[in-house]
Amino acid sequence: MRNIALAFLLCLASQGEAAQMPLTVLLPGGAVVYKPIQSVRERKFADLVQQKTDFSCGAASLATILRQAYWLDVDEAQIIEGMLAHADQDLVRVQGFSMLDMKKYVESLGMRARGYRVQPETLHSIRIPTVVLLDIRGYKHFVVMQKVDKEWVYIGDPVLGHKRYKIDDFVKGWNGIIFAVIGKGYDKTNALLDPPLPLTAKNRVNAFTPVQDAELMDFGFIQSDFF
């Protein structure tokens, strides 16, 4: 009974608001249980870059993709500085950054950036994480679209963390364009393609499979990007 109660407490601890630290418990008989603890907030923003200013959702979203899909050591502040070097700073103060600003920055890194207008019925065919622009009650907000699976669109929001929306709800606020970053060193098994399900989800079945080269080439990758 004592062991069952302890296991239950460990399960709760993994879902509670706590610092990310290991929990070591000595059981009767000398056995040791070791379990890392991750707070709800840490799980919510796992693998995502949080935005730190009102106008940096685009920079944070782009940083998330560059860090996770290309393993580049960049942060939000560096990307803001890089985009400002190629942008109209007065316009940025009023409207924030645009996809054009992101495109210029990506190209300054020697990579390519492509914008695609996509029909809602073809969302399932997108097999790379992309930046998308959502209109949330009149507020224009860049987020990372990680994957589309069945009736769900999985989003990495630099303000709200990992979210998922029904496709119909997503389409209502989406402008129909995806912004793809393309270049050498792309990790076809990056964490963004396998986002965590909501904390209340049960019986998760991990159906994640690596993306094939042929699928990537549909979105502007070239053969030399895979070497």
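Data block above holds the structure.
This section reports on the structure supplied with the text. (Residues numbered from 1 in each chain as written. Predicted model: local features only at pLDDT ≥ 70, side-chain atom pairs only at ≥ 80, totals over all residues. Heavy atoms only, no water.)

1. Description of the overall build of the chain
If you tally the helices and strands in the chain, you get eight helices and eight strands. Counting all 227 residues of the chain, 40% fall into the buried class. Once local pairs closer than 6 in sequence are excluded, the contacts in the chain between residues at least 24 apart make up 58%. Of the accessible surface of the chain, which amounts to about 12900 Å², a share of 56% is contributed by carbon and sulfur atoms. (Helix = DSSP H or I, 4+ residues; strand = E, 2+ residues; numbered from the N terminus. Buried < 20%, exposed > 50% of the residue type's maximum accessible area, 1.4 Å probe, protein only. Contact = heavy atoms within 4.5 Å. Areas by Shrake-Rupley, 256 points an atom, 1.4 Å probe, with all protein chains shown as cover.)

2. Some words on the pattern of salt bridges
Two side chains carrying opposite charge are able to pair once their charged atoms lie near each other. A full pass over the atoms with the stated rule returns six salt bridges. Residues D90 and R93 are paired through a salt bridge, measuring 2.8 Å at the closest nitrogen-oxygen approach. In this pair, D90 and R93 are both assigned in helix α5 (residues 89–95), three residues apart and thus about one turn of the helix distant. Summarising the burial analysis for this pair, D90 and R93 share the class exposed. (Salt bridge = Lys/Arg side-chain N within 4 Å of Asp/Glu carboxyl O.)

3. Side note on the sheet that holds strand β8 (residues 174–182)
Judged by pairing direction, the sheet is antiparallel, and its six strands sit side by side in the order β3-β8-β4-β5-β6-β7 without closing on themselves. Of all strands in the sheet, those with a lone pairing partner are β3 (112–117) and β7 (161–166), marking the two edges. Mean inter-strand twist for the sheet, computed between neighbouring axes without regard to direction, equals 35 degrees. Bridging between strand β6 (residues 152–157) and β7 involves six bridges; their strand directions are antiparallel. Bridged to Y154 within β7 is R164. Strand contacts of helix α3 (residues 57–70): β4 (130–136), β5 (139–149) and β8, with the helix running at about 25 degrees to β5, the strand carrying the most contacts. In the packing of helix α6 (residues 99–108) onto the sheet, the strands contacted are β3, β4, β5 and β8, and the crossing angle to β8 comes to about 5 degrees. (Pairing = 2+ DSSP bridges. Axes fitted to C-alpha atoms, helices over the stretch in contact; angles between N-to-C directions.)

4. Some details on the layout of surface pockets
By rolling a water-sized probe across the atoms, one finds the places where empty space is left. Considering only enclosed or pocket space, the second largest pocket measures out at about 370 Å³ in volume. The set of elements that each furnish at least two residues to the lining of the second largest pocket consists of α3, α5, α6 and β5. With five residues, α5 is the largest single contributor of residues to the lining of the second largest pocket. Across the lining of the second largest pocket, the residue classes break down as 11 nonpolar, five polar and five charged. (1 Å grid on protein atoms, 1.4 Å probe; cavity = no way out; pocket = protein on both sides within 12 Å on 5 of 7 lines; lining within 4 Å. Points joined across faces, edges and corners; volume = space filled by probe spheres on them. Nonpolar A, V, L, I, M, F, W, Y, C, P; charged D, E, K, R; others polar.)

5. Looking at α3
For an α-helix the count is 3.6 residues per turn, leaving residues at separations of three or four pointing the same way. With 14 residues, α3 should reach 20 Å at 1.5 Å per residue; the first-to-last C-alpha distance of 19 Å fits that figure. The buried fraction of α3 amounts to 13 of the 14 residues, a majority that puts the element mostly inside the structure. Phi turns positive, to about 60 degrees, at W71, one or two residues after α3. (Expected span 1.5 Å × (residues − 1).)

6. Quick look at the packing of aromatic side chains
Counted by the stated rule, this structure contains three aromatic pairs. Between the NZ or CZ atom of R164 and the centre of the ring of W152, over which it lies, the distance is 3.8 Å. (Phe/Tyr/Trp six-rings, centres within 6.5 Å; stacked < 30°, edge-to-face > 60°. Lys NZ or Arg CZ within 6 Å of the ring centre and 35° of its normal.)

7. Here's the deal with α6
Within α6, the full set of buried residues consists of M99, D101, M102, Y105 and V106. Viewed end-on, α6 has its buried residues packed into an arc of 155 degrees, placing them on one side of the element. Two residues or fewer past α6, G110 is found with a positive phi of approximately 85 degrees. (Arc of directions from axis to C-beta.)

8. A few points about the pairing of β5
Pairing between β4 and β5: seven bridges, direction antiparallel. Within the sheet, the bridge partner assigned to D135 lies in β5 and is K140. In this sheet, β6 lies alongside β5 in antiparallel orientation, the contact comprising five bridges. Note on β6: the bridge partner recorded for D149 is W152.

9. Considering the packing of α3 against α6
Packing of α3 against α6 leaves a shortest axis separation of 11 Å and a crossing angle of 35 degrees. α6 is crossed by α3, and the crossing has right-handed handedness. In contact with G58, L62 and L66 of α3, α6 contributes M102, Y105 and V106. (Left-handed = near helix turned anticlockwise from the far one by under 90°.)

Remember that the coordinates give geometry; whether it matters functionally is a separate question.
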